[in-house]
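# Structural features, examined
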Amino acid sequence: MSFTTENEGKVLGSETEANLKDLFVFLTGSDRIPPMGFTRKGKIAFDHRDNSQELRFPFVSTCQPMLQLPMCDDLTQDYDSFKEKMNLAVLGSVGCGNP
């Protein structure tokens, strides 16, 4: 799941920050733990492609499951920028066909 620009205004207009449940849904594509648990362990990958892009957001593959964090300067040098992009990604993503 990844951030969509259509949801940017909705997320930026709200005072809400992503909470642990929002992060769980973003990472797994589900709002609860399956009765038999998850079959795969989650991973975190660092994406080093084209570090000069400013509009790169964290994204997740729920099938893997893997959180991919872009290693752009604005995300690695400033916590507030990282937090803002992470909030936008988590709250502004469209997951599993749900807008």
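The sections below set out a description of the structure shown in this document.

Cut-offs and rules
Residues numbered from 1 in each chain as written. Predicted model: local features only at pLDDT ≥ 70, side-chain atom pairs only at ≥ 80, totals over all residues. Heavy atoms only, no water. Helix = DSSP H or I, 4+ residues; strand = E, 2+ residues; numbered from the N terminus. Buried < 20%, exposed > 50% of the residue type's maximum accessible area, 1.4 Å probe, protein only. Contact = heavy atoms within 4.5 Å. Areas by Shrake-Rupley, 256 points an atom, 1.4 Å probe, with all protein chains shown as cover. Pairing = 2+ DSSP bridges. Axes fitted to C-alpha atoms, helices over the stretch in contact; angles between N-to-C directions. Core = buried A, V, L, I, M, F, W, Y, C linked by side-chain atoms within 4.5 Å. Polar contact = N/O pair within 3.5 Å; in protein donor to acceptor, adjacent residues only side chain to side chain.

In this section: the overall build of the chain. Secondary structure summary: the chain contains four helices and three strands in total. Beginning at the N terminus, the succession of helices and strands in the chain can be written as α-α-β-β-β-α-α. In the chain, buried positions account for 29% of the 99 residues. Nonlocal contacts in the chain, meaning residues at least 24 apart in sequence, comprise 58% of its contacts between residues at least 6 apart. When the accessible surface of the chain is totalled, it reaches about 6,800 Å², and 54% of it is carbon and sulfur.

One open sheet holds the three strands; their spatial order is β1-β3-β2, and the pairing between them is mixed. Looking at which strands have only one partner, the edges of the open sheet turn out to be β1 (43-47) and β2 (59-61). Geometrically, the sheet is characterised by an average inter-axis angle of 25° between neighbouring strands, direction not taken into account.

It is worth spelling out the pairing of strand β3 (residues 66-70) at this point. With five of five residues buried, β3 lies mostly within the body of the structure. Side chains Met66, Gln68 and Pro70 of β3 all project onto a buried face; the interleaved residues Leu67 and Leu69 project onto the opposite face, where all are buried too. As judged from the three bridges shared by β2 and β3, these two strands associate in the antiparallel manner. Considered in β3, the bridge of Val60 is made with Leu67. From the end of β2 to the start of β3, which pair antiparallel, there are four residues.

Phe26, Phe57, Val60, Leu67, Leu69, Met86, Leu88, Ala89 and Val90 together form the largest nonpolar core, which totals nine residues. Broken down by element, this core gets its largest block of residues, four residues, from helix α4 (residues 79-92).

Let's shift gears to helix α2 (residues 20-28). At the N-terminal end of α2, a side-chain oxygen is found 3.0 Å from the backbone nitrogen of Lys21, two or three residues along, and the residue is Asn19. Positive phi appears at Gly29, one or two residues downstream of α2, with a value of about 80°.

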